[in-house]
Amino acid sequence: MPKLIIQNLKSQEEQEYNLPQDSIVFGRTNTADIELPLKSISRRHAEIVREDQDYFLSDLESGNGTYLNKQKIRPLEKNLLRSGDLIRIEDYEIRFLLTEDSAETGAEEDTDSDILEVKLIKKMLKTLDADEIPSLEVLNGVAAGKKLSIPETLPEVIIGRDSGNQLAIDENVISRQHAKLERKWGGLVLVDLGSKNGSFVNNERIEEKLLRDGDKIMLGTVKILYRNPKDVNLEAISQEISKKKREAAMREAELLAQKQREKEQTLQQESEAEQARLEAEAKAVQENLSQEAGAEEAPPEAQETAAAPSTATAPSASAAAAPSPVPGKPGFSTAEKLMIVTGIVIGLVAIVGLALLLKT
């Protein structure tokens, strides 16, 4: 079922449509399947029609024409649509998407790596059991089932509507000489010969491309399968088998790295907070010691007052006879006390910092 994303280039409004019917008509009136309300758009301007599994765009002889991928298409001529094609009708751009494509992509992404490995091994064995000569096989249309082997003695293969071609396919969507296969780059290369509807390999439009076993060629609406049993790339298969495991390991490594960064950041913040706390405590201790030192140091006037006798009378005989006090051991000075406390605090800060570094 196609999905259409329609954008108004002037208002930048965007709408999505999922239309299951086999015919989708664009026009300016409400009788059209998709209404594009502009006077410059015809009542029945363009149409998308489904034929089997393919979709075709046709201009219904509109007044101002219809564009496909920036090229104006001829009236009433069928043009094969591929997922991602861009249709332009006046001020509207219409993106054509096949929802089956996205579903298949998602399914492949969700495939378990073990199941993927089994599928690839089966594909490899099936290829090895096939013919040893490269071949082309037509998958649909009037020539469905037609197969052409390409031996070494055949230098090139012309594909087209002309009956004289090595692979003749009588379809109107194919040019008389549409494309050719030639030997170069160590294999077979598909070259487009200026065809009207183009040549595609695995849904990618090409001018020339080296083919690999299993490639799907599209000429107009005709699908052709290329097989080459000698082109089995074991290294590529091995890489694809372990792809999901490598991606899972990378995601796990990223998560571990993120956790480690968060842990280091937390430890750094704790270390900074602890250092700030110790510095604040050291500052507080220093301020207290400074205050105590200021209280112990009395001014000179106070010292003279303390040395003078409390009364005018002479000292008594008992006082004179009293023995003088024995001097004790001298204590630490205020400066020495400050130096000791500062040394202790610096030592504590160093010990805490070393412990945090060892923990990291």
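Just so we're clear, the structure is a prediction, and the values are computed from it rather than from any experiment.

Cut-offs and rules
- Residues numbered from 1 in each chain as written.
- Predicted model: local features only at pLDDT ≥ 70, side-chain atom pairs only at ≥ 80, totals over all residues.
- Heavy atoms only, no water.
- Helix = DSSP H or I, 4+ residues; strand = E, 2+ residues; numbered from the N terminus.
- Areas by Shrake-Rupley, 256 points an atom, 1.4 Å probe, with all protein chains shown as cover.
- Phe/Tyr/Trp six-rings, centres within 6.5 Å; stacked < 30°, edge-to-face > 60°.
- Lys NZ or Arg CZ within 6 Å of the ring centre and 35° of its normal.
- Polar contact = N/O pair within 3.5 Å; in protein donor to acceptor, adjacent residues only side chain to side chain.
- Contact = heavy atoms within 4.5 Å.
- Salt bridge = Lys/Arg side-chain N within 4 Å of Asp/Glu carboxyl O.
- Pairing = 2+ DSSP bridges.
- pLDDT = per-residue confidence, 0-100.

A. View of the overall build of the protein chain. Tallying secondary structure elements over the protein chain gives seven helices and 22 strands in all. Carbon and sulfur atoms make up 52% of the accessible area of the protein chain, which amounts to about 23700 Å² in all.

B. Fine view of the packing of aromatic side chains. The tally for this structure, following the rule as stated, stands at one aromatic pair. One Lys or Arg, lysine 78, reaches over the ring of phenylalanine 56 and ends 4.9 Å from the middle of that ring. Here arginine 82 stacks its cationic end above the ring of phenylalanine 200, 3.2 Å away from the centre of that ring.

C. Structural detail: the side chain of glutamate 182. If you trace the backbone, glutamate 182 turns up in strand β16 (residues 179-184). At a separation of 3.2 Å, a polar atom in the side chain of glutamate 182 contacts the side chain of lysine 184. With residues near it in sequence (within four places) discarded, glutamate 182 still touches Pro155, Glu156, Gly187, Leu188, Val189 and Val191.

D. Region of interest: the side chain of glutamate 77. With respect to the secondary-structure elements, glutamate 77 resides in the loop between β8 (71-72) and β9 (79-81). Of the polar contacts made by the side chain of glutamate 77, one reaches the side chain of lysine 196; its length is 2.4 Å. Leaving out residues up to four positions away in the same chain, glutamate 77 has contacts with Leu57, Ser58 and Lys196.

E. Seen up close, the pattern of salt bridges. Evaluation of the coordinates by the stated rule reveals twelve salt bridges. Close ionic contact of glutamate 156 with lysine 180 constitutes a salt bridge, the shortest N to O distance being 3.8 Å. With a gap of 24 residues between them, glutamate 156 in strand β14 (residues 156-160) and lysine 180 in strand β16 connect regions that are remote in the sequence. The partner of glutamate 182 in a salt bridge is lysine 184, and the shortest N-O contact between them spans 3.2 Å. Overlapping salt bridges, with partners in common, bring together Glu156, Lys180, Glu182, Lys184 and Glu208 in one network.

F. Inspection of the sheet that holds strand β11 (residues 92-98) at higher detail. The six strands are arranged β2-β1-β11-β10-β7-β8 in an open sheet whose pairing can be described as antiparallel. Two strands lie at the open edges of the sheet, namely β2 (14-18) and β8, each paired on one side alone. When strand β1 (residues 2-8) meets β11, the two strands line up antiparallel, connected through seven bridges. Each bridged residue has a counterpart across the sheet, and for isoleucine 6 the counterpart in β11 is isoleucine 94.

G. Representation of the confidence of the model for the protein chain in the model. Of all residues in the protein chain, 73% have pLDDT values of 70 or greater, and the mean over the chain is 78. In this model, residues 101-112 is a region of pLDDT below 50 whose contacts with residues beyond four sequence positions or in other chains number six contacts. Considering only residues more than four positions removed or in separate chains, one finds that residues 306-322, a stretch of pLDDT under 50, has zero contacts.

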